[in-house]
Structure formats: structure tokens, C-alpha cells
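Fold and contact review
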Amino acid sequence: MSLGNALQIGRSGLLTSQTALETVGHNLTNATTPGYRRQAVALQSAGSQRIDQDNFVGRGVQLEAITRQIDEALESRLRGAIADESRSNAQVELFGQLEAIQNEYSDTDLSTRIGAFFNAWSNLANNPQDTGLRSLVIQEADSLARFVQGQREELVRVRNQIDRTADANAGSINGLLDDIESLNTRIAQAEGGAGRGANDLRDKRDTALAELAKHLDISTVEAANGKVDVFVGSLPIISDGKSRGVELHERTVDGEPVTQLRVKADGSALDLSSGELGGMLAFRNDELAEGIDTLDTFAHQLAWEVNRIHSQGQGKTLLDSATGTAIAEDAAAVLNTEAAGLDFQPGHGSFQLHVTQASTGERKSHTINVDLDGIGGNDTTLNDLVADLDAVANVNASLTADGRLHIASDSGDFQISFSDDSSGALAALGVNTFFSGTDARDLAVNAAIRQSPNHLAAGQGHEPGDNSNALAIAALREKNIDALNGNSITDYWNRHVEQLATRTAGARQQLESDAVVHENLKARQQSVSGVNIDEEAIDLMRYQRSYQASARFLTVVDEMMQTLLGMI
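These lines cover the structure that appears in this document, whether it is placed above or below. Within every chain, residues take consecutive numbers counted from 1 along the sequence as written. In view of the model being predicted, local features appear only for residues whose pLDDT reaches at least 70, and side-chain atom pairs are presented and counted only at 80 or more, with totals across whole chains, interfaces and linings using the full set of residues. Remark: hydrogens and water are excluded; side-chain values derive from all non-hydrogen atoms of the structure.

Another point: the overall build of the protein. Secondary structure elements are defined from DSSP: runs of H or I of at least 4 residues count as helices, runs of E of at least 2 residues count as strands, and each element is numbered from the N terminus. For the protein, the count of helices and strands is 12 helices and 18 strands. Here the radius of gyration uses the C-alpha set of atoms, whereas the globule reference equals 2.2 Å times the residue count to the power 0.38. For 568 residues, the compact-globule estimate of 2.2 N^0.38 gives 24 Å, and the protein exceeds it by more than 25% at 40 Å. With respect to the principal axes defined by its C-alpha atoms, the protein has extents near 155 × 45 × 35 Å. A 1.4 Å probe rolled over the protein chains alone gives each residue an accessible area, and that area as a share of the maximum for its type sets the label: buried under 20%, exposed over 50%, partly exposed in between. Residue burial in the protein is summarised as follows: out of 568 residues, 45% are buried. We call two residues in contact whenever any of their non-hydrogen atoms come within 4.5 Å of each other. Counting only contacts in the protein whose residues sit at least 6 apart along the sequence, the fraction spanning at least 24 positions is 67%. Positive charge is attributed to Lys and Arg, negative charge to Asp and Glu, and no charge count is given to His or to the chain ends. Where a charge lies is defined by one atom per residue type, namely NZ (Lys), CZ (Arg), CG (Asp) and CD (Glu). Here the protein contributes 46 positively and 80 negatively charged side chains, and the mean placements of these two sets differ by 10 Å.

We now examine helix H1 (residues 3-29). The length a helix should cover is 1.5 Å for every residue beyond the first. For H1, built from 27 residues, the straight-helix expectation of 39 Å at 1.5 Å per residue is met to within 8% by its first-to-last C-alpha distance of 39 Å. Within H1, burial applies to Asn5, Ala6, Gly10, Ser12, Gly13, Leu14, Thr16, Ser17, Ala20, Thr23, Val24 and Asn27. The inward-facing, buried residues of H1 contact strand E1 (39-45), strand E2 (48-50), strand E3 (56-58), strand E4 (61-68) and helix H12 (533-567).

If you trace the backbone, Asp163 turns up in helix H4 (residues 131-191). In this structure, the C-alpha to C-alpha distance between Asp163 and Leu248, residues 85 residues apart in sequence, is 9.1 Å. In this structure Asp163 touches Leu248, Glu250, Thr259 and Arg284, once residues within four positions along its chain are discounted.

Turning next to unusual backbone geometry. Positioned with a positive phi, Asn103 is a non-glycine residue whose angle comes to about 50 degrees. Along the chain, Asn103 falls in the loop between helix H2 (72-102) and helix H3 (110-126).

With that out of the way, let us pick up the nonpolar core. By nonpolar core is meant a set of buried Ala, Val, Leu, Ile, Met, Phe, Trp, Tyr and Cys residues that side-chain atoms within 4.5 Å join together. The biggest cluster of nonpolar side chains holds 90 residues, and the ones touching the most others in it are Phe117, Trp121, Leu212, Leu216, Ile237, Leu302 and Phe434. For this core, the element with the most residues is H4, which contributes 17 residues. Contacts of Phe117, omitting those with residues within four sequence positions, involve Glu140, Ala141, Leu144, Leu302, Val306, Phe434 and Phe435.

Backbone-to-backbone hydrogen bonds join strands into a sheet, with any given pair of strands oriented parallel or antiparallel. Pairing is antiparallel across the open sheet formed by three strands, whose spatial order is E13-E12-E16. Each of the sheet's edge strands pairs with one partner strand only, and the pair in question is strand E13 (363-370) and strand E16 (414-419). Averaged over all pairs of adjacent strands, the angle between strand axes in this sheet comes to 25 degrees, irrespective of strand direction. By the bridge criterion, six bridges tie strand E12 (residues 349-357) to E16 in an arrangement that is antiparallel. Bridge pairing links Thr356 to Gln415 in E16. Only C-alpha atoms enter the line fits that serve as axes; for helices the fit covers just the stretch in contact. Angles between N-to-C directions range over 0 to 180 degrees. Together, E12 and E13 form the strand contacts of helix H7 (residues 382-390), whose direction differs from that of E13 by roughly 160 degrees. A pair of strands is labelled paired if DSSP reports no fewer than 2 bridges between them.

So, about the packing of aromatic side chains. In this analysis, rings of Phe, Tyr and Trp, with Trp reduced to its six-membered ring, are considered paired at centre separations within 6.5 Å, and the interplanar angle assigns stacked below 30 degrees, edge-to-face beyond 60, and tilted for intermediate values. Summed over the entire model, instances satisfying the criterion amount to 10 aromatic pairs. On the basis of an interplanar angle of 65 degrees and a centroid distance of 5.4 Å, the ring pair of Trp121 and Phe434 is categorised as edge-to-face. Residue Trp121 is located in helix H3, and its partner Phe434 is located in the loop between helix H8 (425-429) and strand E17 (435-436); the two are separated by 313 residues in the primary sequence. Taken as a pair, Trp121 and Phe434 share a single burial class, namely buried. Taken together, the aromatic side chains of Phe117, Phe118, Trp121, Phe434 and Phe435 make up a single cluster linked through ring pairs. The criterion for a charge sitting over a ring is simple: Lys NZ or Arg CZ within 6 Å of the ring centre, and within 35 degrees of the ring normal. For Arg542, the ring lying beneath its charged end belongs to Tyr543, and the centroid distance is 4.7 Å.

So, about the sheet that holds strand E8 (residues 242-243). Within the open sheet, the four strands sit side by side as E5-E6-E7-E8. Their pairing is antiparallel. Both outer strands of the open sheet, strand E5 (219-222) and E8, are each paired with one neighbouring strand and no more. When strand E7 (residues 235-239) meets E8, the two strands line up antiparallel, connected through two bridges. Note on E8: the bridge partner recorded for Ile238 is Ser243.

Quick reminder: α-helices carry 3.6 residues per turn. Residues three or four places apart thus point the same way. Given a rise of 1.5 Å per residue, 17 residues ought to cover 24 Å, and the 25 Å separating the end C-alpha atoms of helix H5 (residues 199-215) matches this to within 8%. Looking only at H5, the buried set comprises Asn199, Leu201, Arg202, Asp203, Arg205, Asp206, Ala208, Leu209, Leu212, Ala213 and His215.

It is worth spelling out a negative patch on the surface at this point. Like-charged residues within 9 Å of one another, or nonpolar side chains (Val, Leu, Ile, Met, Phe, Trp, Tyr) within 5 Å, are grouped into patches, provided each residue has over 30% relative accessible area and no salt bridge. Using a 1.4 Å probe, the Shrake-Rupley method yields the accessible areas, and only the shown protein chains count as cover for residues. One side-chain nitrogen of Lys or Arg within 4 Å of one carboxyl oxygen of Asp or Glu is enough to make a salt bridge. A cluster of like negative charges, contributed by Glu329, Asp330, Glu338, Asp343 and Asp442, occupies part of the molecular surface. Here Glu338 shows up in the loop between strand E11 (321-323) and E12.

A word on the packing of H3 against helix H11 (residues 489-529). The contact between H3 and H11 brings their axes to 10 Å, and the two run at 175 degrees. Comparing their axes, H11 and H3 come out roughly antiparallel. Along the contact surface, H3 presents Leu110, Ser111, Ile114 and Phe118, while H11 presents Ile489, Thr490, Trp493 and Asn494. Taken together, the residues of the contact of H3 with H11 break down into five nonpolar, three polar and no charged. An angle counts as roughly parallel when it lies under 35 degrees, as roughly antiparallel when it exceeds 145, as roughly perpendicular when it falls between 65 and 115, and as oblique in every other case. Side-chain classes are defined by residue name, with Ala, Val, Leu, Ile, Met, Phe, Trp, Tyr, Cys and Pro counting as nonpolar, Asp, Glu, Lys and Arg as charged, and the others, Gly among them, as polar.

One can describe the packing of H3 onto helix H6 (residues 275-310) by two numbers: an axis separation of 14 Å at closest approach and a directional angle of 0 degrees. By the angle between their directions, the pair H3 and H6 is classed as roughly parallel. In contact with Leu110, Ile114, Phe117, Phe118 and Trp121 of H3, H6 contributes Leu295, Phe298, Leu302, Val306 and His310. Looking at the contact of H3 with H6, its residues break down into nine nonpolar, one polar and no charged.

We now examine the pattern of salt bridges. Enumeration over the complete set of coordinates arrives at 23 salt bridges. Arg68 is the salt-bridge partner of Asp206, the closest N and O atoms lying 2.7 Å from each other. Here Asp206 is found in helix H5, whereas its partner Arg68 is found in strand E4, with 138 residues between them in sequence. Note that Glu211 and Lys214 form a salt bridge whose closest N and O atoms lie 3.3 Å from each other. Taken together, the residues Glu211 and Lys214, both in helix H5 and three residues apart, mark about one turn of the helix. Among the residues examined, Lys214 registers a relative accessible area of 36% and is labelled partly exposed.

Shown next as C-alpha cells:
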């Protein structure tokens, strides 16, 4: 071995030990840096050279690579766990808001108000002529209607809040996609196609990917040039290293707005199964939409069932006139068709119109047929109904300017009343009804009843003190209704409350499970990629000794060279 080669060997030892010490120092100073992956020095022999026919001598050590300590499969699983936990956390928070709005199992919940409403009718049935009990029915009904409206408004407020948060998340996602695109370019330039080397830039990109996973469930594919493509399901949101962007899109399904996340570049809808944004949109489009629909269905059926009974009864005083609360879009259309535009659908049947002369007490009854059998092409329209009613002696019938049915006696000596409505036409048109409105948005006590409690129809048969209607409405508390899947009005709401409680508990259990998985994967990642101070301290001493040994070796070689020079 020549002295020149010996110097080269010593030099290689010094340089590699110095690089190793710098790497250890880099690890130590970044031990608490979020997203930092430990770096390790890979050394290898510099090879050997022949010194005679059968012998070779080494040429020292050389640096093979400075590598990130990372398990890509583990990183992918960890990003999935981040997305799952973020989804569960978002849903638990939203379920909590839904529970707080409904506030069930308290004295200020909808169940309590439903009970108070039916109790008021039961009490009225005991004394149907009592003005105070009539006012109490109206008061409880008004409280129930306002509570239903207020609860729906709160649910819509939560939906609007989700929309605002989702919009902010979409902006954050686009910002992260732009950051990843920029890092892709810098990594490719720094590595020159080698596929490794830009360790700190890769750490930054992995941190951005982990942050992106909080919003979306993503997968990644790395190209040979070091750039990564990012996918949601099978659709790329970063392709060839470049961002394709995302945007929120709202469409209407069954009259309700549904929000989707789309790829901005081509409008493809992204199927979000996880992530905070996925959790929020799933809750908005499923759980929250169902909650609003359930409340609307409850209010719709409550109004319909109560109105069908009430419209056939009589109050303490008969009516001088009655104006429907329902507006028909087309008076020439058959009543039970979509063109008519009625929110409640009447059926084939008839009802009785009674005209009572106040001065004599004489009452005449008239059968008004509602032909909706679909046979013969002569089914009843609103115009037909107006003509039939107007043909009754001492009665005027017409349509208001906005398309509502108006029926009135033609003099102060006559009054009108109704009974035996097998068609539901009176309730569908809002004539002599207790409630106005069609769902939770506009449920209210009919203004005519509010203004005159004596028109509250507690009885039937025109008998003073009759309580038939009051009993029938009170019985709705337990009556099974086909439109409510065979449940009663109270049971329908109670089933919803129970299902919400079950889903909320399930969401909380899922969050606990997802959190455990996330923590376990983080611990495994830390064991692979985290900086262990004790281990780095050992490496520090090891490389320091190596550096010292190389320096001592060079000193010996230098002394040998000085001796050789002195002999010349």
C-alpha cells in the first residue's frame, strides 16, 4: 500500500465520519420537529486495489446514501387512520349538535309538547263548551307549531354551518394541493430523477399529505422522478405531479339541496368515504337531511290527520264563511293531480255541506261529490267544486285571487258547517281546518281558529256539548298511520329519537376505535421514523470515535511520510 493511498483512506474516514456526525446532529436538532423522519447514514467500502498478483488492499470508506427511515406502507395506513378519525370526530360533533337541538328527555323537547297538545284535546273532551280549555288547546298547538318551526330552523342553520365549513375545507384542500405540486417540482429538480436525496423536502410533502388526509381519504402513487400523484378513490386530484383542484357543487334531490365535492378540472364527483370533509358532507346529506325530512313528515302528517277530523266538525258557533288555507296552482286541474299543486291529496268520496238558518234553526244538508275515481274523464277540479258549492241555496263559493277556495253564506241569517268528509277534500283545501301549513317550515294554528276559539270544532252532529271531534283528535296520539310506516304520530317521533341516540352512540364508539388505531399506528411510525435521543447519543459517540481514529491514522501516516522524507 502506498502512503498516498493511506492518506486517501484516512481522508475518507474523516469525511464520512464528519458527514455522519452532521446527520446525527441534524436528527438531534429536529427531534421535536413535527413531520421529521429520522435520517441514517449508509456507508460502504470504497473498494480495493491490487498490490501484487494475489493480494488486494482496501481504499477506505465512502458514503453510499443518507436515507429517510420510513415505511411507505405504514405511512399510507396512517393517512387512512387520520382520515377515519377526522371523519368520526366531525360526525360526533355534528351528532352532538343534533342532540342538543332536539334536547329530548327534558321538559323542553318536542315529545313533551306533543304530549301537552294531545292532553289539551283530552281535557277539552271532558268539557267541550269551556272557553278556557279551548284557548288552552290553541295555546298548546301554537307552542308545538312554533317549536317545530324553530327546530327546523336550527337544523337548517346547522346545514348552513356545514356548508360554510365545507367551503373553507375545500379552500384548504386546494391550498394543500398547490403546496404538494410545488414540493413535487422541487423534489424532482433536487433529486434529478434519482428517486431519493431530498429528504427534508420529502418530509414537508408527507406532512402536507397527512394534513390533506384530515380532509379527504387519499391514496398516493410515486413516479420514478419522485413526484407523487394523489387519488380519492380512483380519481386523481394530483396527476403527473400537478393539482387538478377541487370544488363544492350543490344539486337538488327531492327538493332538498345535496352538496358534492368535485374535481375542478373536469367536474368528476368525488366519492368521499372518510376525512373531515367526507364526514361532514355524509352527515349533511344523510343524517341531517333525514332529520329535516322526519320533522317535515311529522308536521305534515300531524296537520293532515288533525285537519281531516277537525274539518268535519263544528264549533260552539257555526261559520259565516270559510276560506281555505291551501293555494291551488291550477283550478282547472283534477284535484289529486300534480298540476293542481295541492300539498295534501284528496281522494274519491263526498262531504256534507250544511246550511242553517239562524232565525228559525232550520238546517238543510247537501251532499257534495268529489269524483276522483279516474273513470270517465270527468274527475273533479277546483272549478267544478266551486260550481257545485255555489249552486247550493244561500251559499256563495268562489276562488280568491291567489287560488284559495272561499265559501260564505249569502246573508247574515244563514250559517254553514261541514261533516262526513270521506274524500279529505276539505282538509286538502284547508277549509275549516285546525292547522295551516304543510310541513315543519310553516306549521301553524289556522288564523281563523286563533281569532275565534269558538270555531274550534270539538264536536260533530251539531249537538251542543258533543265531544266526538275532541276525542278523535286526542286518539291520534296512539292511532297507527300507514303514511308513518304503521306508527302513531307519537311513536313515529319516538322511533326517530331512539334511532338518533343509537347512531350517536355508534358514532362515539367508532371515534374511540378510530382513535386507538390512529394512536397505535403513530406509535409504530415513531418507532420507525422518530428520533430516539438515546440512540442518537450512542451514534454520536461512535462516529466521534471513528473520526478520532481516522485523524490518528492520518497522524501516523504523516509521521511515516516525514521519516521517509528525512531519509532522502
